[in-house]
Amino acid sequence: MGQYLNSIQINFIAYIFKNVLYLLTIKNFTITKKNLYVIINLYKERINDMKLTISENLREQKCDVLVINMFEGETTSQELANKYALEEDGFKGKFKNTYLLQTYDKIPARKILVMGMGKKDEMTLDRAREIGAKITNKIKSIHAKTVAIDFDEMEDYIGAVAEGLLIGDYKFDKYKSDKKEEKEIEVSLNIEEADLQYAEIAISAMNMARDLANEPAALITPTKLAEIAQSLGLQTTVYSDYELEDMNMGAFTAVAKGSSEEPKFIHIKYQPKEAKKKIAIIGKGITFDAGGLDLKPASSMLTMRDDMSGAACVLAVMSKIKELNADIEVHGIIAACENMPGCSAYKPGDILTARNGKTIEVDNTDAEGRLTLADALCFACELGVDEVIDIATLTGACMVALGTQAAGIMGNDEELIDNLIDAAEDAGERYWPLPMYDEYKDSLKSEIADMKNTGSRWGGASTAGLFLENFVKPEQKWAHIDIAGVAFLDSAQKYYIKGATGAGVRALLTYLLYESFKLRQEL
């Protein structure tokens, strides 16, 4: 039978077998059709239509398309392109403009694609990613199967181009009945092996997060998130409803009461042999947010499957942490539940007690994410970690302030915040620091509890951050990232298609990589 299986199918079978063996080692875990479905879908998220390979003799390579670059005001590396694109048709090389020409066997490649790079002094890592995504879209549109990318004066940016190629290959069409099956595209480029490996790790993780946030809420439930966490091959503990009451997680469990879906508190741990630092990353895990009894308008619920984008980010990062080989102990924490208006739902005016004993007056049940994060932050601060980072689609106020171009960031340690901003920028994400002025605290004051869960509508993102700070130990370094505006797009933007973006994945992977490198330099 083996002669009828291609390499992808053989790898698929091997992957399934390996993960089934692992899952059988988990206490009280039984292999069911549902669990196999989780494993199979995780594998599917690792397969792209595009395969990137390293090659040095790109101009001599026989292929469907040779992609070359052209900066504004300069010429290309191919005389054929210079003659027809520049001299005859006046191609200028403006950013992301393209010119395609047949070679008629004058060079080994069948066609040349000239990629406009814009002005040389305006090139950045993220513009290079946009270039990569544009190439993917173009070569798919002309049905090329073998491609060589030969870029001049782009040595510092070729890794970002590779990332863009893979980002541009993403699609979420699994529920379409009329989709066309695309054959694998082989792309060769001159790139360092380490850069290619990182591009594949980062974008594979990013795509996993995008898939999770794009899936319907009926499928991605708290239980499903727990099953995915348990399939990652890391030390994982999942606490269920009755255990959470004993853990004094009164804020988290209150949010879950209006849904028939059982809440799950997930703790994933990556522990290298000689960890030089410990970091906890917390992802908001509201798998569907109807607003609770303070019900959202129907139009506002349409994309609320994405309210677990923070959890998707954490799962994606933890799925690749072994491959980073970081010298850092990393804890992934998710408080997963739905926020629904069921008959047992928590109510405006309720008083909740968080894990650290602080009491909260419920002013609005649609400010639920901060309640689940409150108990998660308490839990993380008990782990003895050096830093705690939470990432959440937390406030519409952040989206109003920063739009879809940047996430907000705040916290109690400027060095941590600055390092996250720098890592995010290198990774292709933007974090903008928001203030945490003491004056904002006044709007959180309650006459009957330690605080309310909402404050004034003005400065809402900062007020939410100040609320969360109540559940962080004073000596604990902490940063909060609000990805409400960047996690899910209503229309295509830059190299993203409409839908989930995998916000935070590349930034956190890059941050962990940078921190690990700094620790090794200190030895």
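Residues numbered from 1 in each chain as written. Predicted model: local features only at pLDDT ≥ 70, side-chain atom pairs only at ≥ 80, totals over all residues. Heavy atoms only, no water.

### Considering the overall build of the protein chain
How we decide: A run of H or I in DSSP becomes a helix once it reaches four residues, and a run of E becomes a strand once it reaches two; helices and strands are each numbered from the N terminus. The globule rule is 2.2 Å times the number of residues to the power 0.38, and the radius of gyration it is compared with is taken over C-alpha atoms. For each residue, the accessible area found with a 1.4 Å probe, counting protein chains only, is set against the maximum for its type, and the residue is called buried under 20%, exposed over 50%, and partly exposed in between. Positive residues here are Lys and Arg, negative ones are Asp and Glu, while His and the chain termini are left out of the count. Taken as the charge centre is NZ of Lys, CZ of Arg, CG of Asp or CD of Glu, depending on the residue.
Regarding its fold elements, the protein chain presents 16 helices and 19 strands. Radius of gyration (C-alpha) of the protein chain: 24 Å, near the 24 Å computed for a compact globule of 523 residues. With the C-alpha coordinates aligned to their principal axes, the bounding extent of the protein chain is approximately 80 × 60 × 55 Å. Buried residues in the protein chain amount to 57% of all 523 residues. A distance of 5 Å separates the average location of the 60 positive side-chain charges in the protein chain from that of its 80 negative side-chain charges.

### Focus: the packing of aromatic side chains
Heads up, the rule is: Here a Phe, Tyr or Trp ring, Trp counted by its six-membered ring, pairs with any other such ring whose centre lies within 6.5 Å, and the pair is stacked when the planes are under 30 degrees apart, edge-to-face when over 60, and tilted otherwise. Counting as a charge over the ring demands two things of the Lys NZ or Arg CZ atom: a distance within 6 Å of the ring centre and an angle within 35 degrees of the ring normal.
Under the defined criterion, the tally for this structure stands at nine aromatic pairs. Centre to centre, the rings of Phe-265 and Phe-379 are 4.9 Å apart; their planes meet at 65 degrees, and the pair counts as edge-to-face. You can see Phe-265 sitting in strand 8 (residues 264–270) and its partner Phe-379 sitting in helix 12 (residues 369–381), a full 114 residues away along the chain. With respect to class, Phe-265 is no different from Phe-379; both count as buried. Put simply, the rings of Tyr-239, Phe-252, Phe-265 and Phe-379 pair up and form one aromatic cluster. Positioned over the ring face of Phe-95 is Arg-127, at 3.8 Å from the centre of the ring.

### Here we look at the environment of Val-505
Going by this rule: What makes two residues a contact is simply this: any of their non-hydrogen atoms within 4.5 Å.
Mapped onto the elements, Val-505 comes out in helix 16 (residues 505–522). Residues Val-505 and Gly-460, spaced 45 residues apart in sequence, show a C-alpha to C-alpha distance of 25 Å. Excluding residues within four positions of it along the chain, Val-505 makes contact with Ala-202, Ala-205, Met-206, Ala-209, Cys-313, Ala-316, Val-317 and Glu-429.

### A few points about a negative patch on the surface
The condition is simple: Two distance rules govern patches: like charges are joined within 9 Å, and nonpolar side chains (Val, Leu, Ile, Met, Phe, Trp, Tyr) within 5 Å, applied only to residues with over 30% relative accessible area and no salt bridge. All accessible-area figures derive from a Shrake-Rupley calculation using a 1.4 Å probe, and residue coverage is judged against the displayed protein chains alone. Every case where a carboxyl oxygen of Asp or Glu lies within 4 Å of a side-chain nitrogen of Lys or Arg is listed as a salt bridge.
On the surface, Glu-414, Glu-415, Asp-418, Asp-422, Glu-425 and Asp-426 cluster together into a patch of negative charge. You can see Glu-415 is positioned in helix 14 (residues 414–427).

### What to know about the pattern of salt bridges
Counted by the stated rule, this structure contains 30 salt bridges. One salt bridge in this structure joins Glu-74 and Lys-120, with 3.0 Å as the shortest N-O distance. Residue Glu-74 is found in the loop between strand 2 (65–71) and helix 3 (79–88), and its partner Lys-120 is found in the loop between strand 4 (111–118) and helix 4 (125–141); the two are separated by 46 residues along the sequence. The exposure class assigned to Glu-74 is partly exposed, which follows from its relative accessible area of 30%. A residue is classified by how much of its surface remains accessible, and Lys-120, at 34% relative accessible area, is partly exposed. The partner of Glu-163 in a salt bridge is Arg-129, and the shortest N-O contact between them spans 2.8 Å. Placement of the pair is Glu-163 in helix 5 (residues 158–168) and Arg-129 in helix 4, with a sequence separation of 34 residues.

### Brief notes about the pairing of strand 17 (residues 477–482)
Threshold: By the convention used here, strands pair only if DSSP detects at least 2 bridges between them.
For strand 17, the tally of buried residues reaches five of six residues, placing the bulk of the element in the interior. Note: strand 13 (residues 387–392) against strand 17, six bridges, orientation parallel. Looking across to strand 17, one finds that Ala-392 is bridged to Asp-482. Judged from the four bridges that link them, strand 14 (residues 407–411) and strand 17 form a sheet pairing that is antiparallel. Its bridge partner being in strand 17, Met-410 is matched across the sheet by His-480.

### Focus on the pairing of strand 3 (residues 98–102)
Alternating positions in strand 3 separate cleanly, Tyr-99 and Leu-101 being buried on one face and Thr-98, Leu-100 and Gln-102 remaining unburied on the opposite face. Across five bridges, the pairing between strand 3 and strand 4 is antiparallel. Following the sheet pairing, Leu-101 is matched in strand 4 by Ile-112.

### Topic: the packing of helix 11 (residues 309–324) against helix 16
The condition is simple: Helix axes use the C-alpha atoms of the stretch in contact, all axes being lines fitted to C-alpha atoms, and the angles between their N-to-C directions lie in the range 0 to 180 degrees. The handedness criterion is simple: a crossing whose near helix is rotated anticlockwise from the far helix by less than a right angle is left-handed, and one whose near helix is rotated clockwise is right-handed. Residue polarity follows a fixed list, in which Ala, Val, Leu, Ile, Met, Phe, Trp, Tyr, Cys and Pro are nonpolar, Asp, Glu, Lys and Arg are charged, and the others, Gly among them, are polar.
Two numbers describe how helix 11 lies on helix 16: the axes approach to 10 Å, and their chain directions differ by 35 degrees. Between helix 11 and helix 16 lies a crossing whose hand is right-handed. Residue-level inspection shows Cys-313, Ala-316, Val-317, Ile-321 and Leu-324 of helix 11 in contact with helix 16, the latter providing Val-505, Leu-508, Leu-509, Leu-512 and Leu-513. Considered class by class, the residues forming the contact of helix 11 with helix 16 number ten nonpolar, no polar and no charged.

### Some words on the packing of helix 14 against helix 16
Between helix 14 and helix 16, the least distance of the axes is 8 Å, while the angle of their chain directions is 115 degrees. Once helix 14 is placed against helix 16, the crossing between them reads as right-handed. Only Arg-506, Ala-507, Leu-508, Thr-510, Tyr-511, Tyr-514, Glu-515 and Lys-518 of helix 16 make contact with helix 14, whose side of the interface consists of Leu-416, Asn-419, Leu-420, Ala-423, Ala-424, Asp-426 and Ala-427. Of the residues belonging to the contact of helix 14 with helix 16, the class tally is nine nonpolar, two polar and four charged.

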